[in-house]
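One letter stands for each residue in the lines below.
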Amino acid sequence: MEQQDAPNGPQEHRTTTVEQGRFCVARCTCGWRGPARRARSLARSDAEGHAVG
Ligand SMILES: [Zn+2]
């Protein structure tokens, strides 16, 4: 996998996890949002699955 420091990558999926109360949600720069998870590891798995697929 290559990682580049492109400030504006329109086709790039940059995922992050956001805590919402007791839950954790995966988010992406494309607007995608994963389901609320109780564990951050699960949210990260969602994010990784989205970024790959
Ligand atoms: Zn995305």
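> Would you mind showing me how to read the overall build of the protein chain here?
Within the protein chain one finds one helix and two strands. Counted from the first residue to the last, the protein chain has its helices and strands arranged as β-β-α. Counting across all 53 residues of the protein chain, residues that qualify as buried make up 11%. Of the contacts formed within the protein chain by residues at least 6 apart in sequence, a portion of 16% connects residues at least 24 apart.

> It is not clear to me how the pairing of strand S1 (residues 15-20) should be interpreted in this structure. Could you clarify?
One face of the sheet, then the other: side chains in a regular strand alternate in exactly this way. With zero of six residues buried, S1 lies mostly on the surface of the structure. Inspection of the sheet shows S1 paired to strand S2 (residues 23-28) by six bridges, in the antiparallel sense. Of the residues in S2, the one forming a bridge with Glu-19 is Cys-24.

> Even after reading the chapter, I still don't get the environment of Gly-21, so can you show me in this structure?
Position of Gly-21 among the secondary structure elements: in the loop between S1 and S2. Judged by the 6 C-beta atoms lying within 10 Å of it, Gly-21 is exposed. Considered as a pair, Gly-21 and Arg-38 are 17 residues apart in the sequence and their alpha carbons are 9.7 Å apart.

> Is there a simple way to think about helix H1 (residues 40-52) in this case?
Residues lying three or four places apart along an α-helix face the same way, a consequence of the helix completing one turn every 3.6 residues. Compared with an ideal rise of 1.5 Å per residue, which puts 13 residues at 18 Å, H1 spans 18 Å between its outermost C-alpha atoms and is within 8% of the ideal. Taken residue by residue, H1 has Ala-43, Asp-46 and Ala-47 as its buried positions. The buried residues of H1 all sit within an arc of 95° when viewed along its axis, so they share a single face. Exposed and facing more than 90 degrees away from the buried side of H1 are Ser-41, Glu-48, Gly-49 and Val-52.

> Mind showing me how you'd approach the environment of Ala-26 here?
Counting through the fold element by element, Ala-26 comes out in strand S2. Under the C-beta neighbour-count criterion, Ala-26 is labelled buried, with 25 such atoms within 10 Å. Taking the C-alpha atoms as reference points, Ala-26 and Asp-46, 20 residues apart in sequence, are found 6.5 Å from one another. In contact with Ala-26, other than residues within four places in its own chain, are Thr-15, Thr-17, Gly-34, Ala-43, Arg-44, Asp-46, Ala-47 and His-50.

Criteria and cut-off values
- Residues numbered from 1 in each chain as written.
- Predicted model: local features only at pLDDT ≥ 70, side-chain atom pairs only at ≥ 80, totals over all residues.
- Helix = DSSP H or I, 4+ residues; strand = E, 2+ residues; numbered from the N terminus.
- Buried ≥ 20, exposed ≤ 12 C-beta atoms within 10 Å, placed from the backbone.
- Contact = placed C-beta atoms within 7 Å.
- Pairing = 2+ DSSP bridges.
- Expected span 1.5 Å × (residues − 1).
- Arc of directions from axis to C-beta.

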